[in-house]
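Chain by chain, the residues:
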Amino acid sequence: MTTEHARTVYLLSGPAGVGKSTTANELVKSLSNSAYLSGDDISHMHINGRKKPWQSEQEHDLIWNNILQLTRNFIDHGCDVVIDYITFPKDAEWLKLLLDKSNVIIKYVVLWADEKTLVKRDALRDAEEQMGERCLILFHEFLNSRLDSKHLLHTSLLTPKDLQQVVQEIMLENRFIQ
């Protein structure tokens, strides 16, 4: 380990359309030594034979094992890590268990918006980026996932002008600690 103080892993999650990528990119800029891991990018590294991770346990596990290894590497080199991916409580618990170093803090933040807001935000994306029905499926999967409400950060009423405030809340609030 190249640093003496605790590293932080930020798991930014939530259904499609809540602002995970936008928030994650702003959070990374606010940290002095950090790495950004896009779960979608890691998922798309697997080219031939790739399955949708929500339809294949094997694909889901491959993605999370890759996220784990990259996270460990960055932590070992003194970086805080921001993970931008749809992370359910069981995935956050698994990651915490395997990052068993006492000098790692894991903050699990589920950005949240009401269904109407999700649909509106999805419609604003480029056509090839739109998730359509998947936004609402994920919304309901989170509702049924044993999610502790302390990890929720409501974004329905927030605009891009509020982004710095959101980042500060994520960085400073202990309620997000996993």
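Scoring rules and cut-offs
- Residues numbered from 1 in each chain as written.
- Predicted model: local features only at pLDDT ≥ 70, side-chain atom pairs only at ≥ 80, totals over all residues.
- Heavy atoms only, no water.
- Core = buried A, V, L, I, M, F, W, Y, C linked by side-chain atoms within 4.5 Å.
- Buried < 20%, exposed > 50% of the residue type's maximum accessible area, 1.4 Å probe, protein only.
- Helix = DSSP H or I, 4+ residues; strand = E, 2+ residues; numbered from the N terminus.
- Contact = heavy atoms within 4.5 Å.
- Arc of directions from axis to C-beta.

## What to know about the nonpolar core
- V9, L11, L27, V82, I83, L95 and I170 are the most contacted members of the largest nonpolar core, which has 44 residues in total.
- Take this core: its biggest share by element is 7 residues, from strand β4 (residues 104-112).
- Beyond its immediate chain neighbours, meaning those up to four positions away, L11 contacts W64, I83, T87, A92, L95, I106, K107, Y108 and V109.

## What to know about helix α5 (residues 115-123)
- Along α5, the positions that sit buried rather than exposed are T117, L118 and D122. Buried residues along α5 cover an arc of 130 degrees about the axis, so they all sit on one side. Away from the buried face of α5 by more than 90 degrees, exposed residues K116, K120 and A123 are located.
- Summarising the contacts, the buried residues of α5 are in contact with α6 (133-143).

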